[in-house]
Amino acid sequence: MPRLNWERVVSILLIAPAVIAIAVFVYGFIGWTAYASLVKWDKLLPDFTLVGLSNYQKLFANQRFQIDLGNTVVFTVLFLISCLAIGFLLALLLDQQIRGEGIFRSIYLFPMSISFIVTGVVWRWLLNPGSPELGSTGVNLLFDMAGLGFLKTGWYTDPKIGIMAVAIAATWQMSGYTMAMYLAGLRAIPYELREAARVDGASEWQIVRRIILPLLQPVTLSAVIVLGHISLKIYDLIVSMTGPGIGFATDVPAYFMWDTTFRGNHFSRGAAIAIVLLIMVAVLIVPYLVHSIRTEAEL
Amino acid sequence: MTTQTRKLHRSIKPPFRWQRVVLYAVLVAFAVLYLMPVYVLIVTGMKSFTEVSLYQMWDLPKGLHFDSYAKAWFGSEAEGFRGLNVNFMNSVYLTIPATIISAMWGSINGYILAKWKFRGSNVLFPLLLFGMFIPYQSILIPLVQTLQKINLFGVRFYGSIPGLILAHVIYGIPITTLIFRNYYANVPTELIEAARIDGANIFGIYRYVLFPLSLPGFVVVMIWQFTSIWNDFLFAATITSNPEAQPITVGLNNLAGSYIVEWNVQMAGSLIAALPTLLVYILLGRFFLRGLMAGSLKG
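Note that the structure is predicted; figures quoted are calculated from it, not measured. (Residues numbered from 1 in each chain as written. Chains lettered and ligands numbered in written order. Predicted model: local features only at pLDDT ≥ 70, side-chain atom pairs only at ≥ 80, totals over all residues. Heavy atoms only, no water.)

## Observations regarding the overall build of chain B
And then number 1: Within chain B, the regular secondary structure consists of 14 helices and 4 strands.
And then number 2: Against the globule reference of 19 Å for 299 residues, chain B gives a C-alpha radius of gyration of 24 Å, more extended than a compact globule.
And then number 3: Taken over 299 residues, chain B has a buried fraction of 57%.
And then number 4: Contacts spanning at least 24 positions in sequence make up 69% of the contacts within chain B whose residues lie at least 6 apart.
And then number 5: Looking at chain B as shown, the accessible area adds up to about 13,500 Å², and 68% of this sits on carbon and sulfur atoms.
And then number 6: If you average the places of the 21 positive and of the 11 negative side-chain charges in chain B, the two averages end up 18 Å apart. (Helix = DSSP H or I, 4+ residues; strand = E, 2+ residues; numbered from the N terminus. Rg over C-alpha atoms; globule rule 2.2 N^0.38 Å. Buried < 20%, exposed > 50% of the residue type's maximum accessible area, 1.4 Å probe, protein only. Contact = heavy atoms within 4.5 Å. Areas by Shrake-Rupley, 256 points an atom, 1.4 Å probe, with all protein chains shown as cover. Lys, Arg positive; Asp, Glu negative; His and termini not counted. Charge placed at Lys NZ, Arg CZ, Asp CG, Glu CD.)

## Some points on the pattern of salt bridges
And then number 1: By the definition in use, this model includes 12 salt bridges over all chains.
And then number 2: Among the salt bridges present, the one from A:R187 reaches A:D95, with a minimum N-O distance of 2.8 Å. Taken together, the residues A:R187 in helix α7 (residues 163-187) and A:D95 in the loop between α3 (63-94) and α4 (101-109) connect sequence positions 92 residues apart.
And then number 3: Assessed through its relative accessible area of 34%, A:R187 is described here as partly exposed.
And then number 4: A residue is classified by how much of its surface remains accessible, and A:D95, at 5% relative accessible area, is buried.
And then number 5: Note that B:E262 and B:K71 form a salt bridge whose closest N and O atoms lie 3.0 Å from each other. Placement of B:E262 in the loop between α13 (248-257) and α14 (263-295) and of B:K71 in helix α3 (residues 67-74) is noted, with a sequence separation of 191 residues between them.
And then number 6: A relative accessible area of 15% places B:K71 in the buried class. (Salt bridge = Lys/Arg side-chain N within 4 Å of Asp/Glu carboxyl O.)

## Digging into the interface of chain B and chain A
And then number 1: Chain B puts 98 residues into the contact, and the matching count from chain A is 106 residues.
And then number 2: For the interface between chain B and chain A, the tally reads 1 salt bridge.
And then number 3: Linking A:E7 and B:R196 is a salt bridge whose minimum nitrogen-to-oxygen distance equals 3.2 Å.
And then number 4: For the side of chain B that touches chain A, the element with the most residues is helix α2 (residues 17-46) of chain B, which contributes 16 residues.
And then number 5: Classifying every residue of the side of chain B that touches chain A by side-chain character gives 66 nonpolar, 22 polar and 10 charged. (Nonpolar A, V, L, I, M, F, W, Y, C, P; charged D, E, K, R; others polar.)

## Some words on the nonpolar core
And then number 1: In terms of nonpolar packing, the biggest core is built from 185 residues, with A:Y108, A:L126, A:I212, B:Y111, B:L143, B:Y171 and B:F235 touching the most fellow members.
And then number 2: Broken down by element, the residue count for this core peaks at 15 residues, all from α7(A).
And then number 3: Setting aside anything within four residues of it in sequence, one finds A:I212 in contact with A:F88, A:L92, A:L186, A:I189, A:R194 and A:I207. (Core = buried A, V, L, I, M, F, W, Y, C linked by side-chain atoms within 4.5 Å.)

## Quick notes on the packing of helix α5 (residues 116-126) of chain A against α2(B)
And then number 1: Remark: α5(A) packs on α2(B), axes separated minimally by 10 Å, with the N-to-C direction vectors making an angle of 90°. It follows from the interaxial angle that α5(A) and α2(B) lie roughly perpendicular. Two secondary-structure elements touch here, α5(A) through A:V122, A:W123 and A:L126 and α2(B) through B:M36, B:P37, B:V40 and B:L41.
And then number 2: Within the contact of α5(A) with α2(B), the residues separate by chemical class into 7 nonpolar, no polar and no charged. (Axes fitted to C-alpha atoms, helices over the stretch in contact; angles between N-to-C directions. Parallel < 35°, antiparallel > 145°, perpendicular 65-115°, else oblique.)

## Regarding the packing of aromatic side chains
Residue and element names in this part refer to chain A.
And then number 1: Per the counting criterion, the structure on display carries 34 aromatic pairs over all chains.
And then number 2: Geometrically, the ring pair formed by F29 and W32 is edge-to-face, given 5.9 Å between the ring centres and 85° between the ring planes. One end of the pair, F29, and the other, W32, are both in helix α1 (residues 5-36), 3 residues apart, so they sit about a helical turn from each other.
And then number 3: A relative accessible area of 3% places F29 in the buried class.
And then number 4: Here W123 and W172 contribute two aromatic rings whose centre-to-centre distance is 5.9 Å and whose plane-to-plane angle is 55°, an arrangement assigned as tilted. With W123 in helix α5 and W172 in helix α7, this pair connects stretches of sequence that are 49 residues apart. (Phe/Tyr/Trp six-rings, centres within 6.5 Å; stacked < 30°, edge-to-face > 60°.)

Encoded structure:
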């Protein structure tokens, strides 16, 4: 399409503010944070004496940070597995010509629309174990009422469970999202494919394992990427549900970063944590981003 | 495959009765599980102050009482805590302008990136998108420093709602641009050629061809932005340390973190904080889902 020259200029001018804003507020600021992580700024007043990578060295030697990284791994693995499993199961069940499918779908998905702060407040009370003297509360009380008292645990108050209890609340909030993604993926698989397998004598289980799961692999990948980067960044839920916990049982890098930067004024240490977080997210996101843009360009 | 042929297939092979019963039982069980926190939220908020007890949290209320909501909304001078009314209104003043501005801006960016491709736009787009995945911790320190320095026409940006609006609009650019770009990419080029033959220029094409077709795109983007800005905690907690300017998520977190605020008041406050996004979800769930899917790059 031949275009007038002045329109070219106008088009560049129209996109320029967004490009400049992102260049400054995303890339410029990341650079600034990276620089802050290399200096000796650990009180309110900035001190830009370069100290090299020593902030990172101290950070990885820091016991709280080591616990945080461990918590992130445990949380991410649990959160991903439970979201994928529950999401896939629900999608599979909903794909069976269910009456009232819309209602079920809405119920499974509504927690997505709520703030992590609300989720945290509600689940803090639901997973509040109560005390042996005064009696059980929340889910433990429910177990008592159902005669399942042996299932009672200390939830997030038990350092051995800690972050796993937070993963329960996060799964409640996000598993509907995986359900929606899987359901959309299932609807894209031609019915004839399954029917043909059935005619060939495949069992329903074989159809799921050999046909549906492989075909849904791109959906699983998307879900892992999206849920994975949410779980690496998880912050709000920790703040409202548990805080860092006893012995940092429910602490995560994102919480440590905010705490040490804006409460402790250790700006350089906070910046170093932020850069570590950014690198973790980038390792997950960048290949995916490059891949999706490439496949899109081929179309 | 159409639903019509789907139904046809189904009618050929009538399902076993007991299997259907199990299927529905599992779906209902999950629905109950997902609704459990909502039950506690609603029931607790409606109990009178005398009947609220953690040890009877699953019991139905004996009557309808709205005292908890009143207390969460207005606060209590005697007990010394603030109500959520100021925070709620702050969130309204924050969310509405930020949503409108970022939708308009995203629409223009999407238009240019979809219909006025220039050299380098294929490189620019993923660089833009990366901005929506970054952990915001990695830009928080420079953001605070910058906002503290901005003082336009006597408006302070640090610790104020305008500062929060700025942050949300800028960090909303990637997602709003993505949704609009994918939306406009589906508008046939013939339509634009035709407008061009009729003498429309770069502005005319937007004004008379794309903008009138944009309503669904605007709905998706505005729901997305409304939900994420209303639910945001990280920016809100970092930028607004002044209680007078704090949005609802920060207000609720303060309320829930205070030992003097009763449990039922916290629950009532949670429902107040969740209500706007929950209503949007119930009324416009279809569009909400589309925004979610765009968030996973599968626009």
